[in-house]
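Secondary and tertiary structure notes
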Amino acid sequence: MSEKISETSKEITAPRAKKLSHLMTHHDHQRDDSYYWMRDDERQDEEILAHLKAENDYCDHVLAGQKPLEDKIFEELKGRIVKDDSTVPVRDGNFWYHSTVSGDDEFACHYRTTSFEGTDQLLLLDVNQLASDYEFYELGDISISENDELLAYSEDIDGRRIYTIRFKDIDTGEYLADVLENTEGQTVWANDNKTVFYVKKDLKTLLGFEVYRHKLGTSQADDVLVYQENDRSFYMGLGKSRDESLIFIDLESTESSDTWILDANNPNGEFTQVIKREEKHEFDINKLGDVFYITTNWQAKNFRLMTANKDTIHDKNQWQELIAHRENILFEGVELFTHFMVVTERELGQIRFVVYKKDGSQYPLEFNDPCYYAAVGDNPEPNSETARLYYSSLTTPGSLFEFDLNTGERKLLKQQKVLGDFNAENYGSERLFIEARDGVKVPVSIVYHKEKFKKDGTNPIFQYGYGAYGITIDPNFSSGALSLLDRGFVYVIAHIRGSEMLGRDWYDNGKKQFKQNTFNDFIDVTKALVEQGYGAEDKVCASGGSAGGLLMGAVVNQAPELYKGIGCHVPFLDVLTTMLDESIPLTTNEYDEWGNPNDKSDYDTILAYSPMDNIKQQAYPNTLVTTGLHDSQVQYWEPMKWVAKMREYKTDDNVLVFKTDMDAGHGGASGRFKSLKEKALEMAFFITLTNA
């Protein structure tokens, strides 16, 4: 079937972009970006839009042969989803909250009730109705006032992650006149039920950099600026303490933290800084009762937990250690309860939870799979003696458990239903450690259909990776992946350096001057899997998005011969040019991740791997590239330029197609079914290439 794609591609000429010289010189090094003209911040240039349309038409034509398979896979994906479903109600104050989806609806309806059983449910929001007039719609934050009378919600209608906040009277269903535009989407209520705080965005850089106070019933133009962040390397968010006594402004850069606090009962007061900002000091603060709890990397590479009170919180030298730093265990966080703490930690790449009681005793909350993902669920009530945890593995659908914190006994509240003939017993999973070229062992999670997997070097492989920002991609159940597994694919997650899978060192050794480790790890995992018989050397497909798209771009420059097919989604490909341009959204936030190329050493490091700058005359794998025109994280012109340059340089006849969703942003299509079409497109591409 791969020949079918190739034959179809010869019937139409791939779009060829014009070249206009654009010289850039830094550190006495000159580059000529012939496709720089493709950048249009306004996204209105007719020539650019026409070129994107031509690429879309070419993609549709080239992949026309796989369209029946694509449609079949879409129906498979859709057919596994329970059309009528609801979340487990969660108690927050005097009410219980849940959401439901019905039939072919793309979005949920949100309700509240006075009991868990929910016989008196009150409709809060029908997101289908809210989204009905838009091609793209994303619901952001929902927050309820302290007196439970008012609701605030935020919405994004173009995929740029610029949110508008609106307000409703819950009892009457009527909208308030207040509308807050150009925000990050979060709304935090003061305890007076009439004051809210929100973050406003810089519409050029798309960074949240100002916190405003809004009084209901007044114009946004009259809102008061209460905090402004001038260092654009920080992301800004808002929160509230566990006991709801404090409002937080949380500031996070790649390697530093800062927190400002305000008494939630005094919204007209001034925010004060908790402790002086320090380079490379990362911390997270919460408060319950009279005690502050601080997760900090101060003298603790893998973090530790410390406590303070109102008199000592501003001086870290007076903080008291509650859980010490451990060399081989990453302390990830803590959920506070009046009589308990639930700690999340990670050892040898695996998450675990430990319950600490007030009497000082502790015990773990146990799970059984060889590799899994788990997370603390929604637990709004600190006085509760039960805690909800979400659990999933490569073979176990998402499950919500409730643990009795006194005994550790657990109760399954709900498990994701997978329609069709799914049986977990038909699938097997493994956790491997594969040695990279420098001797470091890389964790790898694998899942396959037991009857289809031979381990004789004949199976096709789908390998996924990310490897950036310390983000760990845990092995999670995907009903969509069944369409690959049932056709014999071995599904692989390579937990490469750049994540925090094996602690803070794992992240530090996969960024800035050590970024090449990320690419080496991914390539070495591929080689080892083939050598060990997990798959066929001519049937390896790989995929990644965003920073994972950078991974794909680097890998195909450095080891193109290893891969039959590549999926490259909303990819960060033009690293050097982007990091040199502070006008591009989010660039300055990234210096601690990639390096600042205004410094020559960082410039040389990035130049050595930047996918756009390392395209050369060689054969490349069959490649599917996707993006969204309104992407605010990675601009559409990065993959557009990359594809144009690849067409110019590649020496093969393999497929190179580029599809742009003209309505979407970084997260792809909105809605629970529309987004499945993107997954079906890639799966059909890989299945066709490998004759699976």
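Preceding this section is the structure that the text describes.
What comes next is a walk through the structure.

Conventions and cut-offs
- Sequence order as written defines the numbering, with residues in each chain counted from 1.
- Note on the predicted model: pLDDT of at least 70 is required for a residue's local features to be given, and 80 or more for side-chain atom pairs to be given and counted; whole-chain, interface and lining totals, by contrast, use all residues.
- For side-chain calculations, the full set of non-hydrogen atoms in the structure is used, while hydrogens and water are omitted.
- The secondary structure listing takes helices from DSSP runs of H or I that are at least 4 residues long and strands from runs of E that are at least 2 residues long, numbered from the N terminus.
- Within these notes, the globule rule equals 2.2 Å times the number of residues to the 0.38 power, and the radius of gyration is based on C-alpha atoms.
- Note on classification: 1.4 Å probe, protein chains only; a residue is buried when its accessible area is under 20% of the maximum for its type, exposed when over 50%, partly exposed between these limits.
- The contact rule is simple, with two residues in contact once any of their heavy atoms fall within 4.5 Å.
- Think of it this way: DSSP has to see at least two bridges between two strands before they count as a pair.
- Orientation is described by lines fitted to C-alpha atoms, with helices fitted over the stretch in contact, and by angles between N-to-C directions that extend from 0 to 180 degrees.
- Here roughly perpendicular refers to angles of 65 to 115 degrees, roughly parallel to angles under 35, roughly antiparallel to angles over 145, and oblique to all remaining angles.
- Less than a right angle of anticlockwise turn of the near helix away from the far helix marks a crossing as left-handed, whereas a clockwise turn marks it as right-handed.
- Under this grouping Gly is polar, as are all residues other than the nonpolar Ala, Val, Leu, Ile, Met, Phe, Trp, Tyr, Cys and Pro and the charged Asp, Glu, Lys and Arg.
- Only a pair of cysteine sulfur atoms within 2.5 Å counts as a disulfide in this structure description.
- Any Phe, Tyr or Trp ring, taking Trp's six-membered ring, that has another such ring centre within 6.5 Å forms a pair; planes under 30 degrees apart are called stacked, those over 60 apart edge-to-face, and the others tilted.
- Two conditions define a charge sitting above a ring: the NZ of Lys or the CZ of Arg must be within 6 Å of the ring centre, and it must be within 35 degrees of the ring normal.

With that out of the way, let us pick up the overall build of the protein chain. Along the backbone of the protein chain there are 13 helices and 39 strands. Over its C-alpha atoms the protein chain spans a radius of gyration of 25 Å, differing by no more than 12% from the 26 Å that the globule rule assigns to 692 residues. Oriented by its inertia axes, the alpha-carbon framework of the protein chain measures out at about 70 × 55 × 50 Å. Expressed as a percentage of its 692 residues, the buried residues of the protein chain come to 59%. Within the protein chain, residue pairs in contact and separated by at least 24 positions form 57% of the contacts whose partners lie at least 6 positions apart.

This paragraph deals with the sheet that holds strand 24 (residues 329-336). Strand order across the open sheet formed by 4 strands is 24-25-26-27, with antiparallel pairing between neighbours. Single-partner strands in this sheet number two, and they are strand 24 and strand 27 (362-365). Between one strand and the next, the sheet's axes are offset by a mean angle of 30°, whatever the strand orientation. The sheet contact formed by strand 24 and strand 25 (residues 340-347) spans 7 bridges and is antiparallel. Residue pairing across strands places glutamate 335 opposite valine 342, the latter belonging to strand 25.

Our focus in this paragraph is the environment of proline 364. Here proline 364 lies in strand 27. Distance in space between the C-alpha atoms of proline 364 and leucine 49 is 55 Å, their sequence separation being 315 residues.

In contact at an axis separation of 10 Å, helix 7 (residues 516-531) and helix 8 (residues 547-558) are set at 70° when each is read in the N-to-C sense. Comparing the axis directions of helix 7 and helix 8 gives the class roughly perpendicular. Between helix 7 and helix 8 lies a crossing of right-handed hand. Here helix 7 contributes Gln516, Thr518, Phe519, Asn520, Phe522 and Ile523 to the contact with helix 8, which in turn contributes Leu550, Leu551, Met552, Ala554, Val555 and Gln558. Residue composition of the contact of helix 7 with helix 8, grouped by class: 8 nonpolar, 4 polar and no charged.

So, on to the state of the cysteines. Tallied over the entire structure, the rule returns 0 disulfides. The thiol of cysteine 541 is not disulfide-bonded; the next cysteine sulfur, from cysteine 568, is found 14 Å away.

As a further point, take the packing of aromatic side chains. Going through the model one piece at a time under the given rule, you end up with 29 aromatic pairs. The rings of Phe367, Tyr372, Tyr391, Phe401 and Phe403 are connected pair by pair, giving a single aromatic cluster. For arginine 277, the ring lying beneath its charged end belongs to phenylalanine 234, and the centroid distance is 4.2 Å. Taking the ring centre of phenylalanine 74 as reference, the NZ or CZ of lysine 677 above it sits at 3.9 Å.

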